[in-house]
Amino acid sequence: MTATMRPSPSACPACAAAPAAEALAERALKPAQIALSLPTIHCSACISKIERGLNAHPGVRSARVNLTLKRASIDAAPEVSAEEMRSLVEALGFEAHELDGASLSATATDRAGRDLLMRLAVAGFASMNVMLLSVSVWSGAEDATRDMFHWISAAITLPAIAFSGQPFFRNAWAALSKGRLNMDVPITLAIVLAVFTSLWETVLSGEHAYFDAALALTFFLLAGRYLDHRTRAIARSAAEELTALEVPRTTRLRDGVEEQVNIAELRVGDLVLVRPGGRMPVDGEIVSGSSEIDRSLLTGETLPVFAGEGQAVSAGEVNLTGPLTVRANAVGADTSLHRMADLVAIAESGRSRYTSLADKAAKLYAPGVHILSALSFLGWYLYTWDMRTALNIAAAVLIITCPCALGLAVPAVTTAASGRLFRRGMLIKHETALERLAQVDTVVFDKTGTLTTGTPQLTNLAALPRAAVECALALAQGSSHPLARAITTAAREAGFAASADLSDVTEVPGYGSRAILKGQEVRLGRASWTGAAPLAETASFLKIGDQAPLALVFTDSLRPGAAEAVEALKSSGKTVILMSGDTTPAVETLATRLGIPQWMAEALPADKAARVQALGGEGAHVLMVGDGLNDTAALAAAHVSISPASALDAARVASDIVLLGNDLSPIAAACDTAQSATRRIRENFRIATIYNVIAVPLAVAGLATPLIAALAMSLSSITVSLNALRLR
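Given the structure is predicted, the values throughout are model-derived calculations rather than measurements. (Residues numbered from 1 in each chain as written. Predicted model: local features only at pLDDT ≥ 70, side-chain atom pairs only at ≥ 80, totals over all residues. Heavy atoms only, no water.)

**Quick word on the overall build of the protein**
Stage number 1. A count of helices and strands for the protein gives 26 helices and 26 strands.
Stage number 2. Across the 728 residues that make up the protein, the buried fraction comes to 51%.
Stage number 3. Sequence-distant contacts in the protein: of pairs separated by 6 or more residues, those separated by 24 or more amount to 69%.
Stage number 4. Looking at the protein as shown, the accessible area adds up to about 31800 Å², and 58% of this sits on carbon and sulfur atoms. (Helix = DSSP H or I, 4+ residues; strand = E, 2+ residues; numbered from the N terminus. Buried < 20%, exposed > 50% of the residue type's maximum accessible area, 1.4 Å probe, protein only. Contact = heavy atoms within 4.5 Å. Areas by Shrake-Rupley, 256 points an atom, 1.4 Å probe, with all protein chains shown as cover.)

**Here's the deal with the pairing of strand 13 (residues 324-330)**
Stage number 1. In terms of burial, strand 13 is largely enclosed, as 5 of its 7 residues are buried.
Stage number 2. Alignment of strand 7 (residues 271-274) against strand 13, held across 4 bridges, turns out to be antiparallel. Among the inter-strand pairings, valine 272 is bridged to a residue of strand 13, identified as valine 326.
Stage number 3. Summarising the sheet, strand 8 (residues 283-288) and strand 13 pair through 5 bridges and their orientation is antiparallel. The partner of aspartate 283 across the bridge, within strand 13, is alanine 330. (Pairing = 2+ DSSP bridges.)

**Focus on the packing of aromatic side chains**
Stage number 1. Tallying each qualifying case throughout the model produces 5 aromatic pairs.
Stage number 2. Seen in terms of ring centroids, tryptophan 380 and tyrosine 383 are 5.7 Å apart; in terms of plane orientation they differ by 90°. Their pairing is edge-to-face. Taken as a pair, tryptophan 380 and tyrosine 383 lie in helix 12 (residues 357-384) at a separation of 3 residues, close to a single helical turn.
Stage number 3. When its relative accessible area of 66% is taken as the criterion, tyrosine 383 is described as exposed. (Phe/Tyr/Trp six-rings, centres within 6.5 Å; stacked < 30°, edge-to-face > 60°.)

**Side note on the environment of glutamate 285**
Stage number 1. Relative to the helices and strands, glutamate 285 resides in strand 8.
Stage number 2. Here the alpha-carbon distance between glutamate 285 and leucine 324, two residues 39 residues apart in the chain, equals 9.9 Å.

**Side note on helix 13 (residues 387-400)**
Stage number 1. Over its 14 residues, helix 13 runs 20 Å from end to end, which matches the ideal 20 Å to within 8%, given 1.5 Å per residue.
Stage number 2. Judged by how many residues are buried, helix 13 sits mostly within the fold: 11 of 14 residues are covered.
Stage number 3. Of the residues making up helix 13, those classed as buried are Ala390, Leu391, Asn392, Ile393, Ala394, Ala395, Ala396, Val397, Leu398, Ile399 and Ile400. (Expected span 1.5 Å × (residues − 1).)

**A word on the pattern of salt bridges**
Stage number 1. Per the counting criterion, the structure on display carries 14 salt bridges.
Stage number 2. Among the ionic pairs, glutamate 259 bridges to arginine 254, the shortest N-O distance being 4.0 Å.
Stage number 3. For arginine 526, the salt bridge goes to glutamate 292, with nearest N and O atoms at 3.1 Å. Note that arginine 526 is positioned in the loop between strand 19 (520-525) and helix 19 (527-530) and glutamate 292 in strand 9 (residues 291-294), a separation of 234 residues in sequence.
Stage number 4. In this structure arginine 526 comes out as partly exposed when scored by relative accessible area, which is 24%.
Stage number 5. Taken together, the salt bridges that share partners define one network made up of Arg252, Arg254, Glu259 and Asp270. (Salt bridge = Lys/Arg side-chain N within 4 Å of Asp/Glu carboxyl O.)

**Description of the sheet that holds strand 9**
Stage number 1. Spatially, the 3 strands line up as an open sheet ordered 10-9-12, and their pairing is antiparallel. Looking at which strands have only one partner, the edges of the open sheet turn out to be strand 10 (305-307) and strand 12 (318-319).
Stage number 2. Across 3 bridges, the pairing between strand 9 and strand 10 is antiparallel. Looking at the pairing, glutamate 292 lines up with phenylalanine 306 of strand 10.

**What about unusual backbone geometry?**
Stage number 1. Its identity as a non-glycine residue notwithstanding, lysine 518 has a phi of 50°, on the positive side.
Stage number 2. Among the structural elements, lysine 518 can be located in the loop between strand 18 (512-517) and strand 19.
Stage number 3. Take lysine 518: its relative accessible area is 70%, and that puts it in the exposed class.
Stage number 4. At glutamate 602, a residue that is not glycine, the phi angle is positive and equals roughly 55°.
Stage number 5. Note that glutamate 602 resides in the loop between strand 23 (598-600) and helix 22 (605-617).

**Some thoughts on the sheet that holds strand 5 (residues 249-254)**
Stage number 1. The strand order across the open sheet formed by 6 strands is 6-5-7-13-8-11, and the pairing between neighbours is antiparallel. Bordering the open sheet on either side are strand 6 (257-262) and strand 11 (312-313), each of which pairs with just one other strand.
Stage number 2. Judged from the 6 bridges that link them, strand 5 and strand 6 form a sheet pairing that is antiparallel. Among the inter-strand pairings, arginine 254 is bridged to a residue of strand 6, identified as valine 257.

**Here's the deal with the packing of helix 5 (residues 143-164) against helix 6 (residues 166-177)**
Stage number 1. Two numbers describe how helix 5 lies on helix 6: the axes approach to 5 Å, and their chain directions differ by 55°. With respect to their mutual orientation, helix 5 and helix 6 come out oblique. In contact with Ile161, Ala162, Phe163 and Ser164 of helix 5, helix 6 contributes Gln166, Pro167, Phe168 and Phe169.
Stage number 2. Grouping the amino acids of the contact of helix 5 with helix 6 by side-chain chemistry returns 6 nonpolar, 2 polar and no charged. (Axes fitted to C-alpha atoms, helices over the stretch in contact; angles between N-to-C directions. Parallel < 35°, antiparallel > 145°, perpendicular 65-115°, else oblique. Nonpolar A, V, L, I, M, F, W, Y, C, P; charged D, E, K, R; others polar.)

See the structure below:
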């Protein structure tokens, strides 16, 4: 089946497909959150001076300085820039540097990992010491000696549990305060009951205390939590990445006078000057000037396109060669770039609602554990009228059913699978990416930069006359245009030298280069400029005097492993689709070359996202593979997504998996690994279920003390971890 998509007459119709985006686009500007590093502050006087100076600024709502972190946090109006705040602090006599929000996020995530590791170490060290003391009790220590060992164990256990168990205690309290249950509620109850019954036994000079069980329980659960943490990537929101591309200041023209203004001050109808190398600050129409613009933001295609009077441009596009005056048609939240960010934010929020296998298990598991433990306590209390016995059995039930195995089932497998894929050149970013990748039945590829390298290569060099090649080389070698660079590279590698007979070489923005050769004008550039008939292929044309123009034809080379990846995915029964912003002939040629029956050409970002969402609505589980900003919304909307490491930041952030090398062939293997990982996770759940079916009746019957319950729980956790290692 062949399908094509024609561009809309607007600059970027990127959000009409998503009504919710309209509401998002109308939001008021949020206050600026600015963070500054202050390495030279050293006392409270420094803090007071900086805070007074910052708070005196009319655009600052509040400013606080942290001496420990040597950092200032500023809540300011949208028009206040970080550079303005930095200059203000330096004027007060202090060194200041802007802190990037992503760096702050990464630092916070790293700190969370170190915090978990420290709590894990404390729990492990404390449990080893308490177990050593328990050996003496098991060996026959009695009376005062036994009580002393129990009290020493309590002195070690209580502060260790209070410190190491905080992640579970906080999460359990947060859930209970909102009237719901999560996996941390039975974990917390099991730990608290184990400690409480142990203290009770110690106070009553009982034979058995279970401090080692409480610490072992905490240690294994923290191990699972840390494994889970390691599978998560440090990444900003892709919507934030797109928003970061919005130009903060621009040059406005009024009565021919240039003035620098904040982007928030622009209004529809204003004239904006965009110099070469600048990014378009608004959606609008060119009223004067000609140039070439990089539209990869919208189309993903790396080749520049001509820009002249009357042509529509979009925010985020880059002006390459000549100055342009643009009349604004859409500004601020109404620009195509801002609306694309809204599309991505909507897609990301939808994807975040995916429920993992562990969450589904927890939803059923937590209430069942509480009910079973409560019934055990009630039944034994009514049977024996002995509070001590009933509490011991209730604690044993909670410990033996404690979801250590369930807690480790997913992170242990995910860590093993992530390591396997990393060795194959793939980095898993999202905690549920493997589970979603295992469900994929449809794979959508972008073209330029994904299936192809995005670098044009001259294909007909051998068919061109030597004199023509030398002339083209002389014209191309001074230009930075991608096609000119391709001509220069190919000609020099073939041993050609630039013609020395050319003079007055000049580059004409938006058209090409021209020179004089023996009194004749020579042109290298667009078909319309050289008088040539356009070709279906990508081409540049050389015209020497009155001679017929010669075509220099280019192709985009396949990325390594592209053909193998497509063939392997098709062989495994998956549907493969090609979507691109390139022209219909180019997309059709590549689809035929790779044997992809379904393709979509001239697709804008909203077209790609809408198509991916439509496939999802039809029941397909879509894997999107793309690399450009124009793919970001589709990557976020897909069931799971992959980007090459060479992709732009926003695309990498929006994706769940990053392909570290240039080879695409690991993609099919990653799908197989994900399916194996999901099977291992389900096996782990079955192991945990079988364990509970055997162990729970023993605990309910009073045949397992809390200590035996802790040992059984540890055995199930080790079994689950060993099963996960079978993936390696």
